[in-house]
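# Overview (structure and organization)
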Amino acid sequence: MEAKAVAKYVRMSPSKLKPIADLVRGKDLNEALNILKFTPGKGSEIVEKVVMSAAANAENNFDLNPENLYVAEVYANQGPTMKRWRAGAQGRASMILKRSSHVGVTLKEKED
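Below you will find a few notes about this structure. Keep in mind it's a predicted model, so treat the numbers as computed, not measured.

Reading guide: rules and limits
Residues numbered from 1 in each chain as written. Predicted model: local features only at pLDDT ≥ 70, side-chain atom pairs only at ≥ 80, totals over all residues. Heavy atoms only, no water. Helix = DSSP H or I, 4+ residues; strand = E, 2+ residues; numbered from the N terminus. Expected span 1.5 Å × (residues − 1). Buried < 20%, exposed > 50% of the residue type's maximum accessible area, 1.4 Å probe, protein only. Contact = heavy atoms within 4.5 Å. Axes fitted to C-alpha atoms, helices over the stretch in contact; angles between N-to-C directions. Left-handed = near helix turned anticlockwise from the far one by under 90°. Nonpolar A, V, L, I, M, F, W, Y, C, P; charged D, E, K, R; others polar.

## Focus: helix H3 (residues 42-62)
For H3, which comprises 21 residues, the first-to-last C-alpha distance of 30 Å matches the rise-based estimate of 30 Å (1.5 Å per residue) to within 8%. Residues of H3 that are buried: Gly-43, Ser-44, Ile-46, Val-47, Glu-48, Val-50, Val-51, Ala-54, Ala-55 and Ala-58. Looking at the buried residues of H3, the elements they touch are strand S1 (2-10), helix H1 (14-24), helix H2 (29-37), strand S2 (69-78) and strand S5 (101-109). Two residues or fewer past H3, Asp-63 is found with a positive phi of approximately 55°.

## Quick look at the packing of H1 against H2
Packed helix pairs are specified by the crossing angle of their axes together with the interaxial distance, meaning the distance between the axes. Here H1 crosses H2 at 145°, and the two axes come no closer than 9 Å. Considering the relative orientation of H1 and H2, their crossing is right-handed. Side by side, H1 and H2 meet where Ile-20, Leu-23 and Val-24 of the first sit next to Ala-32, Ile-35 and Leu-36 of the second. Among the residues forming the contact of H1 with H2, the class breakdown is six nonpolar, no polar and no charged.

This is how it looks when you write it as structure tokens:
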């Protein structure tokens, strides 16, 4: 059995979230939460929130024991990019790209 959670349109670029997602992929649920808790940066808070949501989904919707769960999949894909303009030199305009991400987590039960 597996439980999923997705956070869409997170206002952080995927290049900042992907290294944090790589830290917890394949780890036990408790170990992953400890890693995320003590990793500095805003990205770890976002991924931690999604992992906790997936754990709550597993416990409440599928009656799974949190002790037997591990992080099977974690992804931080590119979402839509907002395009903004900033004044440039000599009357020109330069573009600012405000990137967003979709973060997803899948928890699965360990098979003994």
